[in-house]
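Overview (structure and organization)
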Amino acid sequence: MPDEEVLEEGVLNPLKPEIQDPLLREILEENDLQADPSRDPLEQPAPLPDPDEVVDCVVIGTGAGGAPLLARLAMAGLKVVALEAGPWHDPRKDFATDEKAQSFLFWNDERLSAGQDPISFGRNNSGKGVGGSTLHYTAYTPRAQDDDFHLHRDFSVGVDWPIGYDDLEPYYDELEHFLGISGPANYPWGPTRRRSYPLAPLPLNGAAQLMQRGCEQLGIKTSPAANAALSARYYQEGVGWREACTNRGFCQAGCNNGAKASMDVTFLPLAADHGADIRPNSYVTEIERDASGAITGVVYQQNGITLRQKCRNLFLCAGAIETPRLLLLNELALSSGQVGRNFMGHTGVQVWGTFAEDIRPYKGIPGALISEDTHRPKDADFAGGYLLQSIGVMPVTFASQAARARKLWGQAGRDYMRNYNNIAGINILGDCLPHESNFMELAEEKDGRGVAKPRVHFTAQENEQRMTAHAENIMRRIWEAAGATDIWAFPRYAHIIGTARMGHRGTDAVVDANGRAFDVPNLYISDNSTFPSALSVNPALTIMALSLRTADKFLEKERRRDL
Amino acid sequence: MASPHYPEGTVRALLATDLVTDATRAALQARLDAPLYEPQYLDGATYEMLRAVAARLFPQPDRPDNPIELAAAIDERLLNGESDGWRYDILPPDREAYKLGLGGIRESAQAMFGNNFLVLTDEQKDEVLTAVQHAKAPGETWKTLSAVRFFEELLAELTENYYAHPLGQEEIGYVGMADVPGWHHIQLNELEPREPEAEVK
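This one's a predicted model, so the numbers in the text were calculated from it and none came from an experiment.

Parameters at a glance
Residues numbered from 1 in each chain as written. Chains lettered and ligands numbered in written order. Predicted model: local features only at pLDDT ≥ 70, side-chain atom pairs only at ≥ 80, totals over all residues. Helix = DSSP H or I, 4+ residues; strand = E, 2+ residues; numbered from the N terminus. Buried ≥ 20, exposed ≤ 12 C-beta atoms within 10 Å, placed from the backbone. Contact = placed C-beta atoms within 7 Å. Axes fitted to C-alpha atoms, helices over the stretch in contact; angles between N-to-C directions. Parallel < 35°, antiparallel > 145°, perpendicular 65-115°, else oblique. Nonpolar A, V, L, I, M, F, W, Y, C, P; charged D, E, K, R; others polar. Pairing = 2+ DSSP bridges. UniProt positions renumbered as here; feature names shortened; annotations may be inferred. Right-handed = clockwise from strand over helix to strand, strands pointing away. Core = buried A, V, L, I, M, F, W, Y, C linked by C-beta atoms within 7 Å.

What follows concerns the overall build of chain B. Within chain B, the secondary structure is distributed over 9 helices and 3 strands. If you list the helices and strands of chain B from N to C, you get β-α-α-α-α-β-α-α-α-α-α-β. Counting only C-alpha atoms, chain B reaches 55 × 40 × 30 Å along its principal axes. A buried classification covers 46% of the 201 residues belonging to chain B. Intrachain contacts of chain B at a sequence separation of at least 6 include 68% that bridge at least 24 residues.

Now the structure itself:
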């Protein structure tokens, strides 16, 4: 192999070499324009934003953290602009029922995974495109319970949240009805609710029936789960009718009929309807400040053109890796020393088994059945707890996991996969404690844009290991009781949490309980990075609840200023 | 449990119907109809190594004339500098990891059997690959490249390519792509007419 082909050290995707000389860069850009006039801004169909216009708010990211507050701020009459790194899709036309073809939904800019339990990103975590990772979330929407917010109070580990369940309850209620959550009339766990879920639960698929059977024999209570996918046609204010779920089982690779409450079919059309300007393919590179340290605007790249948008307030909603990455790259809000620290991933061990029954794990909502009986297990030797979920699975995802965990190949690998239609899984979603050895930092290695890649260190600590062992034991017993053979476990950590946590003081937290940065008066963060602890439930609903709350607190403050 | 076998031709037949959306058909048909591939990123010898390794990790004695091509998508991905969003920090960038790792397998084959990997018997090849998978393979390469993680990444990528192919999906009885009417029979042992039943051979 010729030496020239060997990569420059530390560079993965040298799509284009970085040109350091500004004059040369300008000349090359002009040449590019002559060669390809469609790249000329003047040839673009959409008018360029006025570089001098100052909008009230810029929101970076259109996922569960950015979209709800974007709608709230637009509805309050503010001039708001959302910048989304990925494109605006037309799911009906563009989304294939094919995992590989759908990989454009994932945040595929490479992240470096370090530590004893390296976290997998890509399909396992962040998303790209208008709607962010809600385009590929499983749509599991349990509420956190009150004690989830007080691990330190109850167990003397981790930290407590500066807010509790009562602060979020009105938002949980609002969201469940706005999004059209399907769930049981009487949810068996957690505080009493003011209203039932607006829609009946989605039907149980094979994996859910098997988990129900196994749990029944062990005396573990189960319930149809709460899912942000419609069990019936639903009319949503400001958006219109959304169609019911067709049991396609493809939530994690994109819903193609709008049944799943991703942000692109819920809060974002509502926001646009109230004047929000949502700009796709807009990748933010710089956050600008004045002499006092207040943010004045952002610089972003859209379709190869560098643009600036001035703003009075900035809402950073890019998720628990890109949010701290932008803060670190811009040396912003760093005085607490907590940016990038306290990285957490939910314990998410899966247990798989083979059954005599025909299951067809590609059908039905993946997470149809839940149990929160393990929220605070009596025999626990760890802090916090977890919930149990049945899981459906798409073939490529399953095969890939089986290859990694079971290490099967050759004829043995093909033989095992032939059982796909008879395989069902259960997994947990459990708490994770912040730890000093788990953090995100900027690596020396650069991405295709010449920006430092994020490196994420994660090593499961004693609490996570004990919880995982406890859960694996229970799930193996459930599967044995349900009649499974060839049972195996896939250790796994899902979701990305922490890295810019909220707290009472700027000495040990990045933002306050309202999401406002202690260091920068007009900077807010709204996404999973502000979580002080992981919570023992899937994060999406809580991210959205915090997003609405941050918008309301911001609007209250603005109104006080007006008086 | 004996491995179920599903009838051949199921997926190919479904792709021709309106049970499949245009976007889905486009993705799957392109893989079925993929033309003969010439490597564009890896040099000829390294690409042949990749194909030889793939042929052991996914032996296809049932398709002697036209096995599912698993190496092409890897070469194309490396050429385009595409990533799946992450990599083990202990591995070098993917392009480098593939070149180093395939070179390492060649080196281990020499050390274990005094011969080129390509000319070893299937049993010998499997012995080399097993040694690499369990970090027991000899060779300078593995002193700086994690054999376990390289093998895991290689196997995962080949596996994803195999089961993304319509024939790989057909083999496991997967017809989730035929979802235009939605699924109504989703409980245990409930099948739609378009879902094939397994025969145990």
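Working note: a packed helix pair is described by the angle between its axes plus the distance between those axes. All names here are of chain B. Running from N to C, helix H3 (residues 44-57) and helix H5 (residues 94-113) cross one another at 70°; their axes reach a closest spacing of 10 Å. In terms of axis orientation, H3 runs roughly perpendicular to H5. Note on element contacts: H5 touches H3 through Lys99, Leu102, Ile105 and Arg106, opposite Thr46, Met49, Leu50 and Val53. Counted by class, the contact of H3 with H5 contains 5 nonpolar, 1 polar and 2 charged residues.

A sheet is described by the order of its strands in space; here 4 strands give the open sequence S16(A)-S17(A)-S3(A)-S2(B), paired in mixed fashion. The strands lining the two open edges of the sheet, one partner per strand, are strand S16 (439-446) of chain A together with strand S2 (86-88) of chain B. Here the strands of the sheet are splayed against their neighbours by 30° on average, with no regard to which way each runs. In terms of strand pairing, strand S3 (residues 111-114) of chain A meets strand S17 (residues 452-457) of chain A through 3 bridges, oriented parallel. The residue bridging A:Ala114 from the neighbouring strand is A:His457, located in S17(A). Set on the sheet, helix H8 (residues 319-329) of chain A makes contact with S3, S16 and S17 of chain A; between it and S16(A) the angle comes to about 65°.

For the rest of this paragraph, the subject is the UniProt feature "domain: Glucose-methanol-choline oxidoreductase C-terminal" (unreviewed entry) in chain A. Per the UniProt entry, the sites bearing "domain: Glucose-methanol-choline oxidoreductase C-terminal" (unreviewed entry) are residues 434-546 of chain A in this numbering. Helix makes up 25% of residues 434-546 of chain A and strand 25%, and the two end C-alpha atoms of the span are 20 Å apart.

Contacts between the two partners involve 53 residues from chain B and, on the opposite side, 64 residues from chain A. Take the side of chain B that touches chain A: its biggest share by element is 7 residues, from helix H8 (residues 147-164) of chain B. Bridge count for S3(A) against S2(B) is 3 bridges, and the pairing is parallel. Bridging across to S2(B), A:Leu112 finds its partner in B:Arg87.

Residues and elements named next belong to chain A. When strand S1 (residues 54-60) meets strand S10 (residues 305-316), the two strands line up parallel, connected through 6 bridges. Bridging from a neighbouring strand, Val59 pairs with Phe315 of S10. With 4 bridges connecting them, S1 and strand S2 (residues 80-83) associate as parallel partners. Among the inter-strand pairings, Ile60 is bridged to a residue of S2, identified as Leu83. Tracing the backbone out of S1, into helix H2 (residues 67-75) and back to the parallel element S2 gives a crossover that is right-handed.

Okay, the nonpolar core next. Core analysis: the biggest nonpolar cluster contains 216 residues, and A:Val59, A:Leu70, A:Val80, A:Ala229 and A:Ala271 have the highest contact counts within it. In this view, A:Ala229 contacts A:Ala139, A:Ser182, A:Leu202, A:Cys245, A:Cys251, A:Ala259, A:Lys260, A:Ala261 and A:Ile365; residues no more than four positions away in its chain are not counted.

Residues and elements named next belong to chain A. In terms of strand pairing, S16 meets S17 through 5 bridges, oriented antiparallel. Counterpart to Leu442 in the pairing with S17 is Pro454. Counting the residues between successive antiparallel strands, the hairpin from S16 to S17 contains 5 residues, one of them, Gly450, with a positive phi of roughly 85°.

Turning next to helix H4 (residues 72-80) of chain B. Residues and elements named next belong to chain B. Those residues of H4 not exposed but buried are Ala72, Ala73, Ile74, Asp75 and Leu78. Lining the buried residues of H4 we find H3, H5 and H8. Of the residues one or two after H4, Gly81 is the one with positive phi, at around 65°.

Take the UniProt feature "domain: Glucose-methanol-choline oxidoreductase N-terminal" (unreviewed entry) in chain A next. Per the UniProt record, "domain: Glucose-methanol-choline oxidoreductase N-terminal" (unreviewed entry) is found at residues 126-347 of chain A. Each end of residues 126-347 of chain A is marked by a C-alpha atom, and these two atoms are 17 Å apart; helix forms 23% of the span and strand 19%.

Residue and element names in this part refer to chain A. Position of Gly131 among the secondary structure elements: in the loop between S3 and helix H4 (151-155). Overall, Gly131 belongs to the buried group, with 29 C-beta atoms counted inside 10 Å. Spatially, the C-alpha atom of Gly131 lies 9.3 Å from that of His89, the residues being 42 residues apart in sequence. When neighbours within four sequence positions are excluded, Gly131 is seen to be in contact with Thr62, Gly63, Ser262, Met263, Asp264 and Leu268.

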